[in-house]
Amino acid sequence: MKRYGRRTSGIESKARTIMALLEINDLFAFYGMAESLHGVSLAVAEGGIIGLIGPNGAGKSTLMDSIMGLTRTRGSIKLDGQELTTKNTAQIVRLNVGYAPERAHLFPFMTVHDNLLIGAYTARGKLERNLERVMDLFPILQTRRYQETGTLSGGERQMVSLGRALMTTPRIMLVDEPAIGLAPKVCGDIAAALRRLNQESGLTIVITEQNVNFAMSLASRLYVLETGRIRMSGTVEELKADPETKRAYFGQ
Ligand SMILES: Nc1ncnc2c1ncn2[C@@H]1O[C@H](COP(=O)(O)OP(=O)(O)O)[C@@H](O)[C@H]1O
Ligand SMILES: [Mg+2]
């Protein structure tokens, strides 16, 4: 039986039976012949937020790519009991797994509106409602709606990236380093939006970060990924109790 971190508020505490929505077991991932993940296991409770922290090159993006069927893998990735490793990326998106990749590949010469529509191809019936939801979450995008995406600030582009993932009506969203290169105020806005999605819509979120403070502000449980392996996992308090982890990720 897996244990999950406790929180005092939010969806997680309301869950009837806490069960894993996403469960990864002994996952290996390969780019060509190179093995980038060496037996990773983790679980995300329905309605939960987990943070995946670790230095550059640890395999954080590889793990997200693997969930989306973008790498060659061995091992198991189950969403609500369904094996994902035998499915292709389009099928995985249709199972409502949303992905906001690192340095999102947005189309700079297309408008914000059109970049968002690209995310909507699996959920055309909900297009208007989802657009409304994105604009409600990030009101600045309403102002920028018909502007070329390449003219936006870094923070606004990050919002378009999250918005594009939301256009698929995800039940779980993978968010790769959303705070990278952003000013603290903008990081705060992004964190608030993710928290709101979790608390109001029960969206399950997996977030990777090198910025531990950002991950900590959202996640009930953190996993430390180093050179393709989970070195430790637990609540912030549990991680801080380990002197080496404390030194590496929390200062001193
Ligand atoms: N497309 C790729 N082809 C080959 N190797 C890659 C590719 N992407 C990442 N890697 C390698 O996989 C390892 C993990 O990288 P990555 O998942 O990007 O780490 P992180 O996101 O934690 O910075 C690194 O050694 C990196 O060089
Ligand atoms: Mg990365």
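(A) Region of the structure containing the sheet that holds strand β10 (residues 229–234). The mixed open sheet is built from 6 strands, whose spatial order is β6-β7-β8-β3-β9-β10. The open sheet is flanked by β6 (97–100) and β10, the only strands paired with a single partner. Going across the sheet, the axis of each strand differs from the next one's by a mean of 20°, ignoring polarity. The pairing of strand β3 (residues 49–53) with strand β9 (residues 221–226) spans 4 bridges and is classified as parallel. The residue bridging I50 from the neighbouring strand is R221, located in β9. Packing against the sheet, helix α7 (residues 154–166) makes contact with β6 and β7 (172–176), and its axis sits at approximately 165° to β6.

(B) Just the nonpolar core, in detail. Judged by nonpolar contacts, the single largest core of 46 residues is most densely connected at L141, L194 and F214. There are two domains that each give this core at least three residues, and those are domain 1 (1–96 + 171–180 + 197–252) and domain 2 (103–170). Membership of the second largest hydrophobic core comes to 28 residues, among which are I24, V44, L52 and I172.

(C) Region of the structure containing the site of ligand 1. In the vicinity of ligand 1, the contacting residues are Y31, S36, P55, N56, G57, A58, G59, K60, S61 and T62. One of the backbone nitrogen or oxygen atoms of A58 is found 3.2 Å away from an oxygen atom of ligand 1. For ligand 1, an oxygen atom lies 2.5 Å from a polar atom in the side chain of T62. When the free accessible area of ligand 1 is taken as 550 Å², the share hidden by the protein chains comes to 56%. A per-element tally of the shell around ligand 1 places helix α2 (residues 60–67) first, with 3 residues.

(D) Local environment of the coordination of the magnesium ion (ligand 2). In the first shell of the magnesium ion (ligand 2), the protein supplies S61 (OG) and E102 (OE), at 2.0 to 2.5 Å from the metal. Taken together, the residues S61 in helix α2 and E102 in the loop between β6 and α4 (112–118) connect sequence positions 41 residues apart. Using a relative accessible area of 23% as the deciding quantity, one classes S61 as partly exposed. Given a relative accessible area of 18%, E102 falls into the buried group.

Reading the values: rules and limits
Residues numbered from 1 in each chain as written. Chains lettered and ligands numbered in written order. Predicted model: local features only at pLDDT ≥ 70, side-chain atom pairs only at ≥ 80, totals over all residues. Heavy atoms only, no water. Pairing = 2+ DSSP bridges. Helix = DSSP H or I, 4+ residues; strand = E, 2+ residues; numbered from the N terminus. Axes fitted to C-alpha atoms, helices over the stretch in contact; angles between N-to-C directions. Contact = heavy atoms within 4.5 Å. Core = buried A, V, L, I, M, F, W, Y, C linked by side-chain atoms within 4.5 Å. Buried < 20%, exposed > 50% of the residue type's maximum accessible area, 1.4 Å probe, protein only. Domains from an automatic or database assignment. Near = heavy atom within 4 Å. Polar contact = N/O pair within 3.5 Å; in protein donor to acceptor, adjacent residues only side chain to side chain. Areas by Shrake-Rupley, 256 points an atom, 1.4 Å probe, with all protein chains shown as cover. Donors = N, O, S within 2.8 Å, 3.2 Å for Na, K, Ca; no water.

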